[in-house]
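# Structural overview
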Amino acid sequence: MKNFKHLLTLICLTVLTLGCDDDLDLAPQDELSEATIFSTYNNVRTYAWSFYDFLEAFPRSTTWAATRDLDGDLMQNGGSSVSRAYIGQNINVPANSAGSIYGVSYANIRRVNIMLDRIANSEMTTEEIAHWRGVGLFFRAHEFFDLLNTYGGVTWLENELTDTDTDILNAPRDSRDLVANNILRDLQEAIGIIKEDGDGPNTVNPDVARALLARFALFEGTWRKYHGLGDQDKFLNVAVQTSAELIDKHPNLHPNYDRVFNSIDLGPIEGVLLYKHYVIDEVTHTASTNTRSTNNKYDITRKGIDKFLTKNGLPVRNPNNTQFQGDQDFYAEFRDRDDRLLIMSPPPYTVNGDGSQNWTSTGNPGDEEFFPILQAITGGFPYKELPDRNWSKRVTGEVPNFDMLVPTQTGNGYRFWKIWNDHNDAVSSRDLNDDPIFRMGEILLIHAEAKFEVGEFNQSVADMTINKLRQRGSVAPMTIAQITPDFDPTRDPEVSPILFEIRRERAVEMMGEGVRRDDLRRWKKMDYATEVKLGRWIAQADYAQNIPIQGNAPEGYVQLIPLVPPAFPDHYYLFPLPADQLVLNPNIEQNPGW
């Protein structure tokens, strides 16, 4: 963005300078801009830098990727007693497209198409033109993927749209088949023509394009399968092939899960293909501050906590799991669990000094049981450590924190703290940890799921995918022969036992990254999100304030939302088009049911 601002300044200065010479034949400003911007490799590169803003990354906002996970089953708003609008079926048709995915994505597509339509006439070499065409196709596919995911079939734009293109402006929506196949086509072409090293470190290269292709192909293949559209194998096989190519090239993961999300520089971190880099006093975000302040009060649900296996590789409800000690004792529940659980939610403890910047031990060593455990997992400051603190380093006296230091309170007992670090120590809303946009942890999950969906999942595939992720959580490997129908008594009976475990690993590895709602949508399992959301087991007598407990019992699971949402309707799987688009083009039909 900084380079792009410099380019705009240069254009303005050029126009002013040319205006001082009466002998010069000035071209119109738009022609001059085109001649300048799309003439050389460096100028095209500067123009294309702005495309990176299309990619979702940690924002300067209280709404971010984790917010979408509140529309699923594994997280909830700990400060709310009502269901989210999407789950509670309170979505309204937007009046206009401004600020919507529809409006933003089409504006981005226009920016890309302007470049694609003009670079063929530049001074660049054939190879350079091909490279920028590939970069443009990557970003255009990214935007059409967002549109397809949200609305289904939409109008495909191959070129810049002008007022004279009345046939397109007044045309019906294109089919899902056309849009999906064009995304597939564009990404496959992009992989073949983008320079191998992109434009240097941390830029779009063929492997980044492969990662987007794998993500898209799994989404589209499973959507087609579970929504009964057909032709899923074409997409699923692409997901298998593309993810396999990435695994061959990037076989290793960084051993520390917390560092993937809380590092000040992801450049040296193995398995990160593309990331958003933040720089103090230039580009910062608020995700870590959100986690450690009243900006967000996001909690993990009882179901979300139960997704984490014990270290022996068994589900907590497996009848033969002697390692799980129950969920009615705060400390016992967190013992011998997947290390990633402690990265997602702070483990229990008690210290003296709530609200102050200093603390002392209670004198009971058991109250600090998880201090050395978390230290060993993360490495300690500036990464996660105990006791928990807000952004200004005020101590939380105990976890779970229902009624102590306000910024770190929980609603249901399991506060979400995946993004938590002290790189910009005691400074609010200027967080510096990088955001991984494409990473190999996701690619391993794509490969495992796609392999199962095409009937090729076996122990070898489990070892190269699921078990690499489990190793990072200090969990025993998945052994397929041990996964019987009663392996997890809470399994959805409509889902294969092995597929259920693959999906479990995805839920654990990517919790809070904004993918759960869309996973449930593509599997046609949004009914999971309408289940009762429960939290920690507590006794009301232990707290002065009233905490809602299931069934109004004196002890039991916290239940923040008393009303159960209605059954999830089929038409909610796609979102409504903005109403203004139907007025502008009467030939565009609204999604069914809206």
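What you see is a predicted model, and the numbers here were worked out from it, not measured in a lab. Every chain's residues receive numbers from 1 upward, in the order its sequence appears when written. It should be noted that, the model being predicted, local features are given only for residues of pLDDT at least 70 and side-chain atom pairs only at 80 or more, the latter also being counted only at that level, while totals for whole chains, interfaces and linings use all residues. With hydrogens and water excluded, all non-hydrogen atoms of the structure serve as input to the side-chain values.

### Describing the overall build of the protein chain
- Check the secondary structure of the protein chain and you find 22 helices and eight strands.
- Relative to a compact globule of 594 residues, whose C-alpha radius of gyration would be 25 Å, the protein chain shows 26 Å and is just as compact.
- In terms of its C-alpha atoms, the protein chain occupies a principal-axis envelope of roughly 85 × 55 × 45 Å.
- Counting over 594 residues, the protein chain shows a buried share of 57%.
- Any two residues having at least one pair of non-hydrogen atoms within 4.5 Å are treated as being in contact. Restricting the contact set of the protein chain to residue pairs at least 6 apart, pairs at least 24 apart contribute 72%.
- Counting 57 positive and 84 negative side-chain charges, the protein chain places the averaged centre of each group 4 Å from the other. Only DSSP runs of H or I reaching four residues or more are called helices, and only runs of E reaching two or more are called strands; each is numbered from the N terminus. Values of the radius of gyration come from C-alpha atoms, whereas the globule rule sets the reference at 2.2 Å times the count of residues to the power 0.38. Relative accessibility under 20% of the residue-type maximum defines a buried residue, over 50% an exposed one, and the middle range a partly exposed one, all with a 1.4 Å probe and only protein chains included. Under this rule, positive means Lys or Arg and negative means Asp or Glu; His and the chain ends count for nothing. By convention, charge coordinates are those of NZ in Lys, CZ in Arg, CG in Asp, or CD in Glu.

### A word on the nonpolar core
- Core analysis: the biggest nonpolar cluster contains 102 residues, and Met-115, Phe-138, Phe-144, Ile-183 and Phe-457 have the highest contact counts within it.
- With twelve residues, helix H6 (residues 126-151) is the largest single contributor of residues to this core.
- With near-sequence residues (within four places) excluded, Ile-183 lies in contact with Ala-141, Phe-144, Phe-145, Leu-148, Trp-156 and Phe-216. The nonpolar core is taken to be a set of buried Ala, Val, Leu, Ile, Met, Phe, Trp, Tyr and Cys residues, with the residues joined through side-chain atoms within 4.5 Å.

### Considering the packing of aromatic side chains
- Ring geometry is summarised as follows: Phe, Tyr and Trp rings, the Trp one being its six-membered ring, pair when their centres sit within 6.5 Å, and such pairs are stacked at plane angles under 30 degrees, edge-to-face over 60 and tilted between the two. Considering all chains together, one arrives at 34 aromatic pairs under this definition.
- Seen in terms of ring centroids, Trp-64 and Phe-416 are 6.5 Å apart; in terms of plane orientation they differ by 45 degrees. Their pairing is tilted. Here the residue Trp-64 occupies a position in the loop between helix H3 (41-49) and helix H4 (65-68), and Phe-416 occupies one in the loop between strand S5 (398-399) and strand S6 (435-439), the gap between them amounting to 352 residues.
- Residue class for Trp-64 comes out buried when judged on its relative accessible area of 5%.
- By relative accessible area, Phe-416 is classed as buried at 3%.
- With a centroid separation of 5.0 Å and an interplanar angle of 90 degrees, the aromatic rings of Phe-138 and Phe-139 are classed as edge-to-face. You'll find Phe-138 and Phe-139 in the same group, each marked buried.

### Some thoughts on the confidence of the model for the protein chain
- Each residue carries a pLDDT value, the predictor's own confidence for that position, ranging from 0 to 100. The predicted model of the protein chain has a mean per-residue pLDDT of 94, with 94% of residues at 70 or higher.
- Within the protein chain, the lowest mean pLDDT, 31, falls on helix H1 (residues 2-18), and the highest, 99, falls on helix H9 (residues 206-226).
- pLDDT under 50 marks residues 1-32. Its contacts with residues more than four places away, or in other chains, come to 20 contacts.

### A look at the pattern of salt bridges
- Salt bridge, as used here, is a side-chain nitrogen of Lys or Arg placed within 4 Å of a carboxyl oxygen of Asp or Glu. Taken as a whole, this structure holds 55 salt bridges when the rule is applied.
- Here Arg-340 makes a salt bridge to Glu-509, at a shortest N to O gap of 2.7 Å. With Arg-340 in helix H15 (residues 339-344) and Glu-509 in helix H20 (residues 497-509), this residue pair connects regions lying 169 residues apart in the sequence. Neither Arg-340 nor Glu-509 differs from the other in exposure class; each is buried.
- Here Arg-439 and Glu-513 are joined by a salt bridge, their closest N and O atoms 2.7 Å apart. Linking Arg-439 in strand S6 with Glu-513 in the loop between H20 and helix H21 (516-522), this pair joins segments that are 74 residues apart in sequence.
- Residue classification places Arg-439 among the buried residues on the basis of a relative accessible area of 4%.
- Here the salt bridges share partners, and the residues they tie into one network are Asp-338, Arg-340, Lys-418, Arg-439, Arg-470, Arg-472, Glu-505, Glu-509 and Glu-513.

### Notes on the packing of H6 against helix H8 (residues 176-193)
- Here an axis means a line fitted to C-alpha atoms, over the contact stretch when the element is a helix, while the angle between two N-to-C directions is reported on a 0 to 180 degree scale. Where H6 meets H8, the axes come as close as 8 Å, and the angle between the chain directions of the two elements is 150 degrees. It follows that H6 is roughly antiparallel to H8 by the angle criterion. Considering how the two elements wind past one another, H6 and H8 form a crossing that is left-handed. Counted together, Ala-130, His-131, Arg-133, Gly-134, Leu-137, Phe-138, Arg-140, Ala-141, Phe-144, Phe-145 and Leu-148 of H6 and Arg-176, Val-179, Ala-180, Ile-183, Arg-185, Asp-186, Leu-187, Glu-189, Ala-190 and Ile-193 of H8 form the full contact between these two elements.
- Amino acids are sorted into nonpolar (Ala, Val, Leu, Ile, Met, Phe, Trp, Tyr, Cys and Pro), charged (Asp, Glu, Lys and Arg) and polar (every other residue, Gly among them). Class assignment for the residues of the contact of H6 with H8 results in 13 nonpolar, two polar and six charged. Under this scheme an angle from 65 to 115 degrees is roughly perpendicular, one under 35 degrees roughly parallel, and one over 145 degrees roughly antiparallel; angles in between are oblique. Left-handed describes a crossing whose near helix is turned anticlockwise from the far helix by less than a right angle; the clockwise case is right-handed.

### A look at the side chain of Thr-203
- With respect to the secondary-structure elements, Thr-203 resides in the loop between H8 and H9.
- Taking the relative accessible area as the measure of exposure, Thr-203 reaches 4% and is therefore buried.
- Contacts described as polar in this section are N or O atom pairs within 3.5 Å, which, within protein, must combine one atom able to donate a hydrogen with one able to accept it, while residues neighboring in sequence count only if both atoms come from side chains. A polar contact is formed between the side chain of Thr-203 and the backbone oxygen of Gly-200, at a distance of 2.6 Å.

### Points about helix H16 (residues 371-378)
- Of all the residues in H16, the buried ones are Phe-371, Leu-374, Ile-377 and Thr-378. One face of H16 carries all of its buried residues, which in axial projection span an arc of 135 degrees. Facing away from the buried side of H16 by more than 90 degrees, the exposed set consists of Pro-372 and Ala-376.
- Where H16 is buried, its residues contact helix H11 (257-262), H15 and strand S4 (349-350).
- The positive-phi residue at the C-terminal boundary of H16 is Gly-379, with phi of around 95 degrees. Each direction from the helix axis to a C-beta atom contributes to the arc, which is the arc of those directions.

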